[in-house]
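Inside the fold
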Amino acid sequence: MSYLDPRAGRAPGDDTNVPAPYSRHSQPAPPPWPPQEHTPPAWPPATSQGWQSEQKPEQQLEEQPEEQLDASIEELPITEQPVAPRGAKGRRRAGRGQKGGKSRAGRNLPAAIGVGVTLGLLVLASLLIERRALLAVLVAAAGVGVWEMSKALTGAGAKVPLVPLVAGSALMTGLAWYEGPDALLVGLIVTIGAASLWSLADGVRAVRRDFTATVLTAVYVPFLLSFAAMLVQPDDGAFRVICTLVAVVLSDTGGYAAGVFLGQHPMAPKISPKKSWEGFAGSVTAAAIGSGALLFFLLDVPVYWGLLFGAAISVVAVLGDLAESMLKRDLGIKDMSNLLPGHGGLMDRLDSILFAVPTAYLLFSIILPS
């Protein structure tokens, strides 16, 4: 015992107000830190031992067992978690505060605009410089679309015969370009028959299993896209294709703008949660107004026909987008592929055009019969 101890010379137990210096079990457990109550505790704590009133909070925190300290911190609400000192470096949660260039629609908007402009310039150049180049563009687009469809359907258990479908895509596009709609229908039948014979190598059961997927792919991609080859055949065919594509672009742009700023009522939440009725109204309005002006100046079509043309193209473009969204939802995929940055796959760009091109071909046959 040190001579500085005030109990020097006394027998143990003479002073009951002062605890024994080496008896740790006689001391009450210090209060947990940080305090559990929202109100700040009184400091120094009121205790019967005078020497504990001079103990600092840092000392109490150090003497508290590590397990008890961790438990007390984990029980605190989020707003009461310890905050790092100002200027200290800490870890940021992944994705927090990072925009990553994505728009409210969940897409990389700069990349999407860049890819869309590039594709549009490619089609425009093929129409205005060398029209026959459009045939090569259509054959390539149909082949890539068939590949993406076969890849997506394979994940659902269907084995789509890729080789005969790609060859049939080129056949249908060429027949539509040179011979017209009757030859296009013959090309579709030949393509489906060749694909069925290709599947027959794996047995009759494979033909029954893959027939529906084969017909869907052949009709959905090359057959519908081949109407663009017939749409461009008249003398003003280039302007007809341009008016159709511009109507689709205006529909997408008007729907996006109206949906982002005004969208409140979901249109088809189980198929495409981001589409709203306000966005649909914006699509129809933008496409109708733009087409009314465009058809009047490029094709000398009365404005009311242009308004009807734009509204009809917008409706079928939205239906085409919803149809592919429903297909992707059934297949359990988000995009057909990752071929185009900001867009996904080529089919994610052709979904509206595939329904719009046959509709435009039918409408122009009524508005501007050759």
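What you see is a predicted model; the values in this text were computed from it and never measured. (Residues numbered from 1 in each chain as written. Predicted model: local features only at pLDDT ≥ 70, side-chain atom pairs only at ≥ 80, totals over all residues. Heavy atoms only, no water.)

1. With respect to the overall build of the protein
- Counting its secondary structure elements, the protein contains twelve helices and two strands.
- The linear arrangement of helices and strands in the protein, starting from the amino end, is α-α-α-α-α-α-α-α-α-β-β-α-α-α.
- Burial statistics for the protein: of 370 residues in total, 38% are counted as buried.
- Taking as baseline every contact in the protein between residues at least 6 positions apart, the subset at least 24 positions apart corresponds to 67%.
- In the form shown here, the protein has an accessible surface area of approximately 22,300 Å², with 63% of it arising from carbon and sulfur atoms. (Helix = DSSP H or I, 4+ residues; strand = E, 2+ residues; numbered from the N terminus. Buried < 20%, exposed > 50% of the residue type's maximum accessible area, 1.4 Å probe, protein only. Contact = heavy atoms within 4.5 Å. Areas by Shrake-Rupley, 256 points an atom, 1.4 Å probe, with all protein chains shown as cover.)

2. A look at the environment of Arg-329
- Tracing the sequence through the fold places Arg-329 in helix H11 (residues 303–331).
- Judged by relative accessible area, which is 45%, Arg-329 ranks as partly exposed.
- Considered as a pair, Arg-329 and Ser-272 are 57 residues apart in the sequence and their alpha carbons are 8.9 Å apart.
- Aside from chain neighbours lying at most four places away, what touches Arg-329 is Lys-270, Ile-271 and Pro-273.

3. Examining H11
- Relative to the 42 Å expected for 29 residues at 1.5 Å per residue, H11 spans 42 Å between its end C-alpha atoms, a close match to the ideal helical length.
- Following H11 by one or two positions, Gly-332 adopts a phi angle in the positive range, close to 75°. (Expected span 1.5 Å × (residues − 1).)

4. Topic: the side chain of Thr-359
- Structurally, Thr-359 is set in helix H12 (residues 347–367).
- Exposure remark for Thr-359: the relative accessible area of 19% places this residue in the buried category.
- Setting aside chain neighbours within four positions, we find Thr-359 in contact with Ile-313 and Val-316.

5. What about unusual backbone geometry?
- For Asp-300, which is not glycine, the phi torsion reads 55° and is therefore positive.
- Following the sequence through the fold, Asp-300 ends up in the loop between helix H10 (277–299) and H11.

6. Comments concerning a nonpolar patch on the surface
- Where nonpolar side chains cluster on the molecular surface, the patch consists of Ile-113, Val-117, Leu-121, Leu-124, Leu-128, Ile-129, Phe-239 and Leu-298 and spans about 740 Å² of accessible area.
- Of the residues forming the nonpolar patch, the biggest block, five residues, is contributed by helix H3 (residues 109–128). (Patch = residues over 30% accessible without salt bridge, like charges linked within 9 Å, V, L, I, M, F, W, Y side chains within 5 Å. Salt bridge = Lys/Arg side-chain N within 4 Å of Asp/Glu carboxyl O.)

7. Here's the deal with the environment of Ala-158
- Within the secondary structure layout, Ala-158 lies in the loop between helix H4 (133–154) and helix H5 (162–178).
- On a C-alpha basis, the gap between Ala-158 and Phe-211 in space is 8.9 Å, while along the polypeptide they are 53 residues apart.
- What Ala-158 contacts, discounting residues up to four positions off in sequence, is Leu-153, Asp-210 and Ala-213.

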